[in-house]
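Structural characterization, general
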Amino acid sequence: MTATEVPAKARRGVIAFALELWDVLRRPSSVFGLGVLVLAGFVAGVIFWGAFNTALEVTNTEKFCTSCHEMRDNVFAELKSTVHFSNRSGVRATCPDCHVPHNWTDKIARKMQASKEVWGKIFGTIDTREKFLDHRLELALHEWARMKANDSLECRNCHGADSMDTTKQSPRASVAHQRFLFTGEKTCIDCHKGIAHKLPDMKGIPGWQ
Amino acid sequence: MTRILSLILAAALVIAASSLAAQTQSGLRGPTPLDTEGAAARMTPTRNTTEKEVRNYPEQPPLIPHAIEGYQVDLNGNKCLSCHARARTGESQAPMLSITHFMDRDGQFLASVSPRRFFCTQCHVPQHDVKAPVANDFTDIDTLLSRAPPGGRR
């Protein structure tokens, strides 16, 4: 009897509190001036937005990505030997340069998708090398699909077709870019798969044997 | 007597040492003494063209005239075949790998590349523009054949 009574009373208390709060919120303030309220709201908004953006930016750094061993020991280790990490001019791409869209709405959409990755982290979906290799094709397919859908936007943030001097490219690259890239027949990711990380089993992937 | 002997021995030692020094002057080592390690040769960029290199002899595996840095060739895939496979040559205009690569060791032709011919760089290698460190008097077979007397058997 008492066991059911206590939660019932507590529930009533919560409901009463919520009603009271609603009453306060819907009535005009009798203590603060409108100017104070507007200003306080503005300041609170700035602080909230700033904090949100700062937190977002923190998750957009290579340091954040490689703080998990799944990324540090697999994909980041593979990146290090490629031209996107080490090259003659010292310009390099970090994880978010290629894996997070720069445009705000696309970025937020990607961040929402990344909640699945938080799930994976918590439940250890790829927490060993073997599990990572088992999932590599699936992970790669996601990235290829995203790049194919947005016309390799993350590549083009740095590599503009308009700025390509084909006379300075090797003959092979020059011909291929003029035939397939400039005509729009293909996009970067169609040919340049596996340039920053090792490839999964490529059987059945277009362009591969 | 002993003095003469030791003189001869000393002279022999000097001659031996100088001839040894002369020996180490040539070859790939250069002037570096045998007991030290010389400076590494400068690295040069890979030759990166589309032009075929002439084979030195008919059986020579064709050389790769372009850069292949970062090309993945393993159990998961073969980047070379992205251009040189039969079905890919239309887009790439690259030479198709020879039909001999479809043959297994019993001489049977398979439908696609035989596993034993999958790892391209076992035979085909890219080239760097470097000066040959040692002289080479290799003579092309066509040159040898052309030395035959006029009217002689080919």
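Everything numeric here is computed off the predicted structure, so don't read it as measured data.

Okay, the overall build of chain A next. From N to C terminus, chain A includes 11 helices and zero strands. Starting at the N terminus and walking to the C terminus, you meet the elements of chain A as α-α-α-α-α-α-α-α-α-α-α. By the compact-globule yardstick of 17 Å for 209 residues, chain A is too spread out, its C-alpha radius of gyration being 26 Å. Taken along the three principal axes of its C-alpha coordinates, chain A extends 80 × 50 × 30 Å. In chain A, which comprises 209 residues, the proportion classed as buried is 9%. Taking the contacts inside chain A whose residues are at least 6 apart along the sequence as the reference set, 56% of them involve residues at least 24 apart.

Looking now at the overall build of chain B. A tally of regular secondary structure across chain B gives four helices and two strands. Helices and strands in chain B line up, N terminus first, as α-β-β-α-α-α. Counting the 154 residues in chain B, one finds 7% classified as buried. Pairs at least 24 apart in sequence give 40% of the contacts found in chain B among residues at least 6 apart.

In this section: helix α2 (residues 34-58) of chain A. The terminal C-alpha atoms of α2 of chain A lie 36 Å apart, and with 25 residues this matches the ideal 36 Å at 1.5 Å per residue to within 8%. Within α2 of chain A, only zero of the 25 residues are buried, which leaves it mostly out in the open.

A positive phi angle, near 55°, is found at aspartate 151 of chain A, a position not held by glycine. Mapping aspartate 151 of chain A onto the fold places it in the loop between α8 (129-149) and α9 (153-156). The exposure class assigned to aspartate 151 of chain A is exposed, which follows from the 12 C-beta atoms found within 10 Å. One non-glycine residue with positive phi stands out, namely glutamine 93 of chain B, at about 60°.

For the rest of this paragraph, the subject is the nonpolar core. Counting residues in each nonpolar core, the largest one holds six residues, listed as Cys80, Leu81, Cys83, Leu97, Val113 and Cys120 of chain B. In this structure, cysteine 83 of chain B is in contact with Arg88, Ser92 and Ala94 of chain B, ignoring residues within four places of it in sequence.

Our focus in this paragraph is the confidence of the model for chain B. Of all residues in chain B, 86% attain a pLDDT of 70 or more, and the chain-wide mean is 85. Our summary of model confidence lists the complex with pTM equal to 0.77 and ipTM equal to 0.75.

For the rest of this paragraph, the subject is the environment of aspartate 97 of chain A. Residue and element names in this part refer to chain A. Structurally, aspartate 97 can be placed in helix α5 (residues 95-99). For aspartate 97, a count of 16 C-beta atoms within 10 Å corresponds to the partly exposed category. For aspartate 97 and asparagine 60, which are 37 residues apart along the polypeptide, the C-alpha to C-alpha distance reads 8.9 Å. Beyond its immediate sequence surroundings of up to four residues, aspartate 97 is in contact with Glu154 and Asn157.

Here we come to the confidence of the model for chain A. Low pLDDT means the predicted coordinates in that region are not meant to be read closely. Here chain A averages 91 in pLDDT, while 97% of its residues score no lower than 70. Taking the mean pLDDT of every element in chain A, the minimum, 79, falls on helix α1 (residues 2-26) of chain A and the maximum, 95, on helix α11 (residues 188-191) of chain A.

Now for the environment of lysine 198 of chain A. As for its position among the elements, lysine 198 of chain A is in the segment after α11. Remark: the alpha-carbon pair of lysine 198 of chain A and valine 75 of chain A, spanning 123 residues in sequence, is separated by 7.9 Å. Once residues lying within four places of it in the same chain are set aside, the contact partners of lysine 198 of chain A are Glu78 of chain A together with Gln72 of chain B.

What counts as what
- Residues numbered from 1 in each chain as written.
- Chains lettered and ligands numbered in written order.
- Predicted model: local features only at pLDDT ≥ 70, side-chain atom pairs only at ≥ 80, totals over all residues.
- Helix = DSSP H or I, 4+ residues; strand = E, 2+ residues; numbered from the N terminus.
- Rg over C-alpha atoms; globule rule 2.2 N^0.38 Å.
- Buried ≥ 20, exposed ≤ 12 C-beta atoms within 10 Å, placed from the backbone.
- Contact = placed C-beta atoms within 7 Å.
- Expected span 1.5 Å × (residues − 1).
- Core = buried A, V, L, I, M, F, W, Y, C linked by C-beta atoms within 7 Å.
- pLDDT = per-residue confidence, 0-100.

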